Structures are given as C-alpha cells and as structure tokens.
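# Structural characterization, general
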Amino acid sequence: MANKLPRMAFFKDRVVPYADAKVGLLTHALNYGTGVFAGIRGYWNAEEKKLLVFRLPDHARRLHESARLLRMRLALSEEATARAVLDVLKAEGLQEDCYIRPLAFYGDEVIGVRLHGLEPFLSIVALPFGLYIDKADGAHCTVSSWRRPSDNVIPARGKITGSYANSAFAKSDAELSGFDEAILLNQDGHVSEGSGENIFLVRRGVVSTPSLNQSVLEGITRRSLITLLRDELGLLVEERPVERGELLVADEVFLTGTAAQVTAVTRIDHRQVGSGQLGPVTDQLRQLFFDVVRGRVDKYRAWCTAVE
C-alpha cells in the first residue's frame, strides 16, 4: 500500500518536519528489531468537522506495556504520549481518516545484541489511510505454514518490531500465492491470528475468538468488538482455543484490528466460508463499529478523543 510521506513527526521530544527525523545506519532497533509500536486510527467526523482518535489512552498504555517487555522506560508518561499524538495530528492538519504510528525504539548506534544500557527514542507520525485489506467484504485467506512463536520465544501480546518478521513471512507467502491474507496457527496447532489482525468466527449464533494465551496480540479493537458483540448485539462471545477445522465449518469468519477494522473472510484455502458472502453478524457489527469510531454513539463517545 503506497502512502504519501507525512509532513511532520514527533521525534525524541518535540514535533519537527518529517525530513528532520533521522536515524543512523547503526541504530540498534534497525539492526536488531529492538522497538515497539502502536497502530492507532483517526476518523474524520464530517458533521462535527473533527478528527476523532479511537481509544487513544488505551493505545498509549499498550505502547508503554510493550516497551516494558523490552526493558524500556520511556521519558514521556502515558498521558504525555497521548498528548504528543494529538500534537502531531494538529501539526499535520489532517481532515480525513488516518493512521497514526507511534514507535519507541533503541536509538543508540552500537553493535551488540542486548536490551540493557540503551536509550529509547520515541517517534510518532500520521498519514491518510483507507482500507488495509482491499477486499474487506470478502477476503480469501490461507492457513500459513508459518507458526506464531510462543510467549516463551517472543511475547505476542506486545507489538515488538522484530517479531513482525514472522508476520512478513506469512503475509508475503499468502499474497504471492494469490490470497488476501494469512491465518497463522500457534505452536500447539490452534488458530492464533492473522498476520496483523485478531480473528473471530461465528457458528450457530455463538462468536468465538482465540483466547489471549494462544499467542495473540492483546488487540484493542478485539476488546472493543467483544464489548459491542455482547452488550449491543446480545451475542455470546467465547474466548478459548480454536481448532483449525472450526474455521472451515463456521457460518462467518472476520478479522479485526486497527488497520483491518472489521474485514469479512468469505473463503479459506479455496473453501467457502458459510454462504460465501458478507455475513449478517459481521455486517451488523461493522456498521455499529463505524458509528462508534466516528463518535455517533453517545454510550461509547468516551472511546473517541477529539483533536482540538
């Protein structure tokens, strides 16, 4: 997906022109994957003429939690990190849906694999952003031969930059084989998640999603949708281990995440899922989700932070 480069960036401790935010070739995170990131969406509310950031405090909290996995202590607090996101958005002046990428990384220019004795830097950029998976109404996925690493290898609950090489293996193999996305299993052979999304299935009126001990990211969109499914759509949601075969007999399957939002999966490995069309639960959930993130549902307005 090609994107225009941002004009502005938060880099280290202030907002600067994007072109001035530079690192050296020996930067530790570039060489060893020692960074963590967040993916955040901003949604333009045309009626109010406001950009609304979805669950900003939760994203700031998870960024700091991910940083702690790498022994990082960021100079900014969670609250100050959230304010820095808003500062970048004000400087960028976006009036459309966008994607925000905070990145905390070890910026020392040194050789040597370790996590101690290094200085973390923080950067934040924002850019216009549409669909992550073009076929959001009917993606064709494949179960990847690559497995998600276990928590004892590298914790999936944090967005650690180095661990996304695993996602890149699966994603490229899937796309180059003609699929839209990959679904990965964990080391036990249970369904884990997509290359960059959590996964849900619907069968006989019950919604299931892999539990957090199945090598999955603690997705903020995942948590939000579980609330909406239970409290607004009145559905039973089970968080549990999911077998690969369950995907093939499900009535509906969908992927979720900041980038993917709510993406319907209508085929898996050349097998039709359910009716082979966007299912009623996925459709209803997606419509509700987009009303929520654009600030149109008063009950969940607190999930939206306005850029003012």
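One can find the structure itself at the top, above this paragraph.
The structure contained in this document is the topic of the report that follows. (Residues numbered from 1 in each chain as written. Predicted model: local features only at pLDDT ≥ 70, side-chain atom pairs only at ≥ 80, totals over all residues. Heavy atoms only, no water.)

### A look at empty space enclosed by the protein
Scanning all chains against the criterion turns up three cavities of 30 Å³ or more. Of the volumes computed, that of the largest cavity is approximately 40 Å³. Lining the largest cavity, in full, are Arg41, Tyr43, Phe54, His59, Thr221, Gly257, Thr258, Gln261 and Phe289. Here the residues of the lining of the largest cavity are counted per class, giving three nonpolar, five polar and one charged. Its boundaries defined by the atoms lining it, the second largest cavity holds a volume of some 40 Å³. Forming the walls of the second largest cavity are Asp251, Glu252, Val253, Ala264, Val265, Thr266, Val273, Gln277, Leu278, Gly279 and Thr282. Of all the secondary-structure elements, those providing two or more residues to the lining of the second largest cavity are strand 14 (252-257) and strand 15 (261-268). Here the lining of the second largest cavity is built from residues that sort into five nonpolar, four polar and two charged. (1 Å grid on protein atoms, 1.4 Å probe; cavity = no way out; pocket = protein on both sides within 12 Å on 5 of 7 lines; lining within 4 Å. Points joined across faces, edges and corners; volume = space filled by probe spheres on them. Nonpolar A, V, L, I, M, F, W, Y, C, P; charged D, E, K, R; others polar. Helix = DSSP H or I, 4+ residues; strand = E, 2+ residues; numbered from the N terminus.)

### Structural notes on the packing of aromatic side chains
This model, assessed by the stated rule, comprises nine aromatic pairs. Ring centres 5.9 Å apart and planes at 80° place the aromatic pair phenylalanine 54 and tryptophan 303 in the edge-to-face group. A residue pair is termed long-range when its members are at least 10 positions apart, and phenylalanine 54 in strand 5 (residues 50-54) and tryptophan 303 in the loop between helix 7 (280-293) and strand 17 (304-306) qualify at 249 residues. With respect to class, phenylalanine 54 is no different from tryptophan 303; both count as buried. Across the ring face of tryptophan 303, the terminal group of arginine 55 is positioned such that the distance to the ring centre comes to 4.3 Å. (Phe/Tyr/Trp six-rings, centres within 6.5 Å; stacked < 30°, edge-to-face > 60°. Buried < 20%, exposed > 50% of the residue type's maximum accessible area, 1.4 Å probe, protein only. Lys NZ or Arg CZ within 6 Å of the ring centre and 35° of its normal.)

### Let's talk about unusual backbone geometry
Residue lysine 49 is not a glycine yet carries a positive backbone phi of 55°. The topology assignment puts lysine 49 in the loop between strand 4 (40-45) and strand 5. Positioned with a positive phi, glutamine 261 is a non-glycine residue whose angle comes to about 60°. Topologically, glutamine 261 is positioned in strand 15.

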